[in-house]
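Fold and contact review
One letter stands for each residue in the lines below.
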Amino acid sequence: MSNLIGTRALCVWAVVFAAGATGEQIPVLQTDPLSPPVLHNRSRSPRTVEVTLTAAPARLSLAPGTETEVYAYNGTVPGPTLDVREGDRVIVHFRNALSEPTTVHWHGIHLPFDMDGSPFHPIQPGEQHDYDFTVMPGSAGTYWYHPHFAHSTGTQVAKGLYGALIVRAADDPLPSSIKEQVLILSDSRLDPDGSIRMAEPGTAQWRIDFENGREGNLLFVNGRIMPTVELRSGEVQRWRIINASAARTYRLALAGHTFLHIGGDGGLFERPVEVKEIVLASAERVELLVRATGSPGDRVVLQSLPYDRYIPQTRPADWNRPRDLLMVQYSAETPVTAMALPSTLRKVPALDTAAAVATRVISLTQGFINGKVMDMDRIDIHATLGATEIWEVENLVGMDHPFHLHGFQFQVIERNGIPEPFRQWKDTINVPKHESVRFVVRFSDYPGKWMFHCHILAHEEHGMMGILAVQ
Ligand SMILES: [Cu+2]
């Protein structure tokens, strides 16, 4: 760790890494289309999605010529997509076939406390648990699910436990003829034998991971290195992109193309915004419209451009190198006529900042929130059910920290004192080095204890987390 934190923090951040995977092997499913498979809904009831999800060790090929022992949901990395509609009751029959406790956290979803899959509700090896919640009207968007057990989130995600959760609206404003791609970004390090490399405690790499979060030299889209997506000249595709990386921030760009940025964590904006690039920190999501303005046969690479989220002491030597993510291949087909796109998408009702009954200052330093490390027995913030509050999250150090609040989506109102140009629902917001973000949040329902934390998993796992009690 750099001089930004002292020896006390080094002691507190003691690491317990998971033991090697043993246990039941389940068959590996083949996934041919680029988007991950969708979980089969076995319910015959209207407005109900009932699925089975098992976390278990598996063996998959992540890199050419090798096989890797992974943890997988239903045998795939990423796990299958949970695809639901606003207002649906969702029942997930979950089984933990790992040799260690886990949870399933439904990142960004507004749901009862005991369904959040937070460290308060671990599921022991061999146990089953039914997650049962109703997806709120107005929440259509791109979410994801992953483990959130104390001190092992990073390891379990690194081993392959993450998947997409798509909530659809009955009145989605975009033409249903638009082809959709779910693109989950992740990175890893593999040993020559294919095994997932986690730094040994006490090594130089461990200290770097400790500071930066774990980044890997291999970049994956939907568990594949540099896969191909096909575009037909003239068409429009809707890309839902999820950053499931433990720490890496992506700065996405597609040479010769702009994106129509239509949505963020909690769904569509009111209007599309044309952008040349998109910065996506750990756990953030975007919805983009990609217009195929190239010619038949063209090839272009979706890249992640350099983004400096680091302190100088541990900034990787190759941080300023663009990284290839995805090959975009134009088909040879004749171009289709460009389709008309709506100029307005939906209403995003404003939370009433004048109704705020409290303003909280959340100070982020390296490894600490308001000077403290996580304590499961301590409540950091008490809030009243139904209250609207303003939270000001200030990053006092020279490294970005993506801040995530469980259970409640919020609206950013200012960054560094500058009013936000438009409204959107967020549950994770990157707070760049030495910057601040003010947001408004309403604790509309669901009393309970909700985590807020840095989403660099190494930071979270080692205590950069607090508890909000809503009563
Ligand atoms: Cu952090």
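In this report, we go over the structure that sits alongside the text.

Procedures and definitions
- The residue count restarts for each chain, going from 1 along the sequence in the order it is written.
- Under the rules for a predicted model, residues below a pLDDT of 70 receive no local features and side-chain atom pairs below 80 are neither given nor counted, while totals for whole chains, interfaces and linings still include all residues.
- Only hydrogens and water are removed before side-chain values are computed, so all heavy atoms of the structure are retained for them.
- Under the scheme applied here, a residue whose accessible area is under 20% of the maximum for its type counts as buried, over 50% as exposed, and between as partly exposed, the area being computed with a 1.4 Å probe on protein chains only.
- Helix and strand definitions follow DSSP, with helices as H or I runs of at least four residues and strands as E runs of at least two, each counted in order from the N terminus.
- Here a strand pair is declared whenever DSSP counts at least two bridges between the two strands.
- Any N, O or S atom lying within 2.8 Å of the metal counts as a donor, with the limit raised to 3.2 Å for Na, K and Ca; because water is left out of the atom set, some sites can appear incomplete.
- Helix axes use the C-alpha atoms of the stretch in contact, all axes being lines fitted to C-alpha atoms, and the angles between their N-to-C directions lie in the range 0 to 180 degrees.
- We define a nonpolar core as any set of buried Ala, Val, Leu, Ile, Met, Phe, Trp, Tyr and Cys residues linked to one another through side-chain atoms lying within 4.5 Å.
- Two residues form a contact once any of their heavy atoms are found within 4.5 Å.
- Between rings of Phe, Tyr and Trp, where Trp is taken as its six-membered ring, a pair exists when centres lie within 6.5 Å; planes separated by under 30 degrees are stacked, by over 60 edge-to-face, and by other angles tilted.
- Think of it as a cone above the ring: NZ of Lys or CZ of Arg counts as a charge over the ring if it is within 6 Å of the ring centre and within 35 degrees of the ring normal.

If a strand is regular, its side chains alternate between the two faces of the sheet. Strand β4 (residues 89–96) sits mainly inside the fold: six of its eight residues count as buried. Of the strand pairs in this sheet, strand β1 (residues 48–60) and β4 are connected by eight bridges, and their pairing is parallel. Bridging from a neighbouring strand, E50 pairs with I91 of β4. When β4 meets strand β6 (residues 128–134), the two strands line up antiparallel, connected through seven bridges. When the bridges of β6 are listed, V92 appears paired with Y131.

Tetrahedral coordination by four donors puts the ideal angle at the metal at 109.5 degrees, and octahedral coordination by six puts it at 90 or 180 degrees. Within the first shell, the copper ion binds the protein through H401 (ND1), C454 (SG) and H459 (ND1), at distances of 2.0 to 2.1 Å. Motif for the copper ion, donor spacing along one chain: H-x52-C-x4-H. Here H401, found in strand β25 (residues 401–405), pairs with C454, found in strand β30 (residues 448–454); they are 53 residues apart in sequence, far enough to count as distant. The class of H401 is buried, set by a relative accessible area of 0%.

Each strand in a sheet pairs with another by means of backbone hydrogen bonds, the pair being arranged parallel or else antiparallel. Here five strands make up an open sheet; going across it, the order is β12-β20-β19-β14-β17 and the pairing mixed. The open sheet has two edge strands with one neighbour each: β12 (228–231) and β17 (278–280). Taking the axes of each pair of neighbouring strands and ignoring which way they run, one obtains an average angle of 25° across the sheet.

For the rest of this paragraph, the subject is the sheet that holds strand β3 (residues 79–85). The four strands are arranged β3-β8-β7-β5 in an open sheet whose pairing can be described as mixed. Sheet topology places β3 and β5 (105–107) at the edges, where each strand pairs with a single neighbour. Along the sheet, successive strands turn relative to each other by an average axial angle of 25°, direction set aside. Both β5 and strand β7 (residues 141–146) contribute to a ladder of three bridges, which runs antiparallel.

Among the six residues of β7, six are classified as buried, and the element is accordingly described as predominantly covered. Residues of β7 alternate between two faces, with G141, Y143 and Y145 on one and T142, W144 and H146 on the opposite face, all of them buried. Bridging between β7 and strand β8 (residues 163–168) involves five bridges; their strand directions are antiparallel. Residue pairing across strands places T142 opposite I166, the latter belonging to β8.

With that out of the way, let us pick up the nonpolar core. Counting residues in each nonpolar core, the largest one holds 59 residues, and the members touching the most others are L82, W106, W391, F403 and L468. Ignoring sequence-local partners within four residues, the contact set of L468 consists of I381, A383, W391, L405, F443, G448, K449, W450 and F452. Grouped together as the second largest cluster of nonpolar side chains are 26 residues, W239, I241, V290 and L302 included.

The subject of this paragraph is the packing of aromatic side chains. For any pair of aromatic rings, geometry is given as the distance between the ring centres together with the angle between the planes. In this structure the tally under the stated criterion is 18 aromatic pairs. Arranged with centres 5.4 Å apart and planes meeting at 85°, the rings of W391 and F452 form a pair that is edge-to-face. In this pair, W391 is assigned in strand β24 (residues 388–395) and F452 in strand β30, connecting sequence segments 61 residues apart. With respect to class, W391 is no different from F452; both count as buried. Members of the aromatic cluster, connected to one another through ring pairs, are F113, F120, W391, F403, F408, F410, F439, F443, W450 and F452. The ring of W319 is capped by R315, whose NZ or CZ atom sits 5.6 Å from the centre of that ring.

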